[in-house]
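Below, each chain spelled out in residue letters.
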Amino acid sequence: MATTAETLTFTYKGKNRKGEKVDGELRSHNLAGAKSQLRKQGVISTSIRKKSKPMFSHDKKVVPADIAIFTRQLATMMKAGVPLVQSFEIVADGSDKPKMRDLIFEVRDNVSAGGGFAAALRKHPRQFDDLFCSLVESGETAGALETMLDRVATYKEKTEQLKAKIKKALTYPIAVLVVALVVTAILLIKVVPIFAETFSGFGADLPAFTLFVLGLSETMQEYWILVLLVICGGLVGFREARFRSEKFAYAVDAAMLKIPIIGIIVYNSIIARFARTLSTTFSAGVPIVDALESVAGAAGNRLYSIAIMKIRDEVMTGIQLQQAIKNRNMFPTLLQQMTAIGEESGALDEMLEKAATHYEEAVDNSVDNLTSLLEPLIMSVLGVLVGGLLIAMYMPIFQLGNVV
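The structure reproduced in this document is the subject of the present report. Residue positions are counted from 1 within each chain, in the order its sequence is given. In keeping with the predicted nature of the model, local features appear solely for residues at pLDDT of at least 70, side-chain atom pairs appear and are counted solely at 80 or more, and the whole-chain, interface and lining totals rest on all residues. No hydrogens and no water enter the side-chain calculation; it runs on all heavy atoms of the structure.

## Remarks on the layout of surface pockets
Our working definition: Using a 1 Å grid laid over the protein atoms alone, points where a 1.4 Å probe fits but cannot get out form a cavity; open sets with protein on both sides within 12 Å along at least 5 of 7 lines form a pocket; any residue with an atom within 4 Å of a point counts as lining. Grid points are joined across faces, edges and corners, and a volume is the space filled by probe spheres set on the points. A run of H or I in DSSP counts as a helix once it spans at least four residues, and a run of E counts as a strand once it spans at least two, with each numbered from the N terminus. By the convention adopted, Pro, Cys, Tyr, Trp, Phe, Met, Ile, Leu, Val and Ala count as nonpolar, Lys, Arg, Asp and Glu as charged, and the other residues, Gly among them, as polar.
Computed from the structure, the second largest pocket encloses a volume of approximately 430 Å³. Lining of the second largest pocket is provided by 15 residues; of these, Leu181, Ala185, Val227, Leu228 and Ile231 occupy positions nearest its centre. Top contributing element to the lining of the second largest pocket by residue count: helix H8 (residues 208-244), with eight residues. The residue makeup of the lining of the second largest pocket, split by class, is 14 nonpolar, one polar and no charged.

## Comments concerning unusual backbone geometry
Positive phi is not limited to glycine here, since Asn329 has a value of about 60 degrees. Note on placement: Asn329 falls in the loop between helix H13 (321-328) and helix H14 (333-345).

## Thoughts on the packing of helix H7 (residues 145-199) against helix H15 (residues 348-398)
To keep it simple, the criterion reads: Lines fitted to C-alpha atoms define the axes here, with helix axes fitted over just the stretch in contact, and angles between the N-to-C directions of these axes take values from 0 to 180 degrees. Should an angle lie under 35 degrees it is considered roughly parallel, over 145 roughly antiparallel, and from 65 to 115 roughly perpendicular; all remaining angles are considered oblique.
In contact at an axis separation of 11 Å, H7 and H15 are set at 0 degrees when each is read in the N-to-C sense. Relative to H15, the element H7 lies roughly parallel. By residue class, the composition of the contact of H7 with H15 is 26 nonpolar, one polar and seven charged.

## Description of helix H4 (residues 98-112)
Selection criterion: In this analysis, the expected span of each helix is defined as 1.5 Å times one less than the number of residues it contains. Burial classes: relative accessible area under 20% of the type maximum marks a residue as buried, over 50% as exposed, and values in between as partly exposed (1.4 Å probe, protein chains only). Here, two residues are considered to be in contact whenever any of their heavy atoms come within 4.5 Å of each other.
Taking 1.5 Å of rise per residue, the 15 residues of H4 would be expected to cover 21 Å, and the 21 Å separating its terminal C-alpha atoms lies within 8% of that figure. Every buried residue of H4 is listed here: Met100, Leu103, Ile104, Phe105, Val107, Arg108, Asp109, Asn110 and Val111. Lining the buried residues of H4 we find strand S2 (21-28), helix H2 (64-79), helix H3 (84-93) and helix H5 (117-121). Phi for Gly114, located one or two positions after H4, is positive at around 110 degrees.

## Focus: H14
Compared with an ideal rise of 1.5 Å per residue, which puts 13 residues at 18 Å, H14 spans 18 Å between its outermost C-alpha atoms and is within 8% of the ideal. Within H14, burial applies to Leu335, Gln336, Met338, Thr339, Ala340 and Gly342. Buried residues belonging to H14 abut helix H10 (262-283), H13 and H15. Downstream of H14 by one or two residues, Gly346 has phi in the positive range, about 75 degrees.

## Regarding the sheet that holds strand S3 (residues 44-50)
For clarity, the cut-off: The rule for pairing is simple: two strands pair if DSSP sees at least two bridges between them.
The strand order S2-S1-S3 describes an open sheet built from three strands, whose pairing is antiparallel. For this open sheet the edge positions go to S2 and S3, each flanked by a neighbour on one side alone. Direction aside, the axes of adjacent strands within the sheet are offset by 25 degrees on average. Pairing of strand S1 (residues 8-15) with S2, which is carried by eight bridges, proceeds in the antiparallel orientation. Looking at S2, one finds that Gly14 is bridged to Val22. Lying on the sheet, helix H1 (residues 31-40) is in contact with S1, S2 and S3; it crosses S2 at an angle near 135 degrees.

## Quick notes on the side chain of Gln322
The topology assignment puts Gln322 in helix H13. For Gln322, a relative accessible area of 16% translates into the label buried. Non-local contacts of Gln322, meaning those with residues more than four positions away in its chain, are made with Gln336, Thr339, Ala340 and Glu343.

## With respect to a nonpolar patch on the surface
As a reminder of what qualifies: Surface patches are drawn from residues lacking salt bridges whose relative accessible area is over 30%; two like charges belong together within 9 Å, two nonpolar side chains (Val, Leu, Ile, Met, Phe, Trp, Tyr) within 5 Å. Using a 1.4 Å probe, the Shrake-Rupley method yields the accessible areas, and only the shown protein chains count as cover for residues. What makes a salt bridge here is a side-chain nitrogen of Lys or Arg within 4 Å of a carboxyl oxygen of Asp or Glu, nothing more.
A cluster of nonpolar side chains, contributed by Tyr223, Leu226, Val227, Val230, Ile231 and Leu235, occupies part of the molecular surface with about 560 Å² of accessible area. By the secondary structure assignment, Tyr223 is in helix H8. Residue classification places Tyr223 among the partly exposed positions, given a relative accessible area of 39%.

## Overview of the pairing of S1
Only one face of S1 is covered, namely the one carrying Leu8, Phe10, Tyr12 and Gly14; the face carrying Thr9, Thr11, Lys13 and Lys15 has none of its residues buried. If you look at the hairpin formed by S1 and S2, you'll find five residues sitting between the two strands, and Gly19 has a positive phi there, around 85 degrees.

Below, the structure written as structure tokens:
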């Protein structure tokens, strides 16, 4: 049975006031509510039933990028003077994801029932985090919801762009490495055994490198399922350990910052996220102490989350933000200077926004440079793996003349 919080989709057929046949879909908490909606619209229903869900659903889940688009569209609607509830309907109709539409309609129904916008968002913590809800609540309280939604939309868009750049930096080399390993495994399991049969009739000792590759091939043929399970288990175990163990997650985050080139990209992205989040929360009128707590949750790195919480504690004792940041010795001098200028001029949010833009551009440039550097390196790795196997297989053939 559906609860009052669940919104269902109903399909109907009937006749309107002119006697014309009509059909369509509507949303309601229950069948009685759906019939009531049709009566208000002047539709006499001949058939109305709950829309069944397909047995095998291929609906894509709601991702942060969808929330960023939703926020931008909602901000645009409200700036144009469209009422909030009607804005929900327009944005939902324009979404091509059923799950996103359902989410928007649920928020709309909660707001229509008299609840606040922020309160409706808090019922969906997986899609709307505490920072998002707090900013919306600040906008509602100040009577400037459309302005705040515009700021939140900009924040979400910049955050997603930054995430996309990081994924771009990591996805390409990982994908190529996986392909290289798969090709190598296929060669060891399918191709090398053919050479092994040929070598068995040579009647001479094989080179050490060839024997090593043949031994590796025999191992892969016999235990390839076990190797695959170990790799998959290792990846799952790594993810679970990072999720469940703070110490392990802290160690991983610390190691990420020390990886050549990648570490610089991660570092700049953390600084950009710190400046962008603090700028957005501070401009929304959130007290600096509360803003720093939100920033710590959005840092994306345990080392910096802990450091930001220590900055918050120092600010609570009366120390200036710039000095508290400097005391941590983990933030760049440029950020410290721009924070100091912002505090002195009373334009901290503007200075932090400029700092965020600077470090976002630094991430973008680093990603482009990394891509350029990795292309020849990846080709070299592929050449070593595949070429090494080929050399190992052809070395005995090259030495065949010594046997004859």
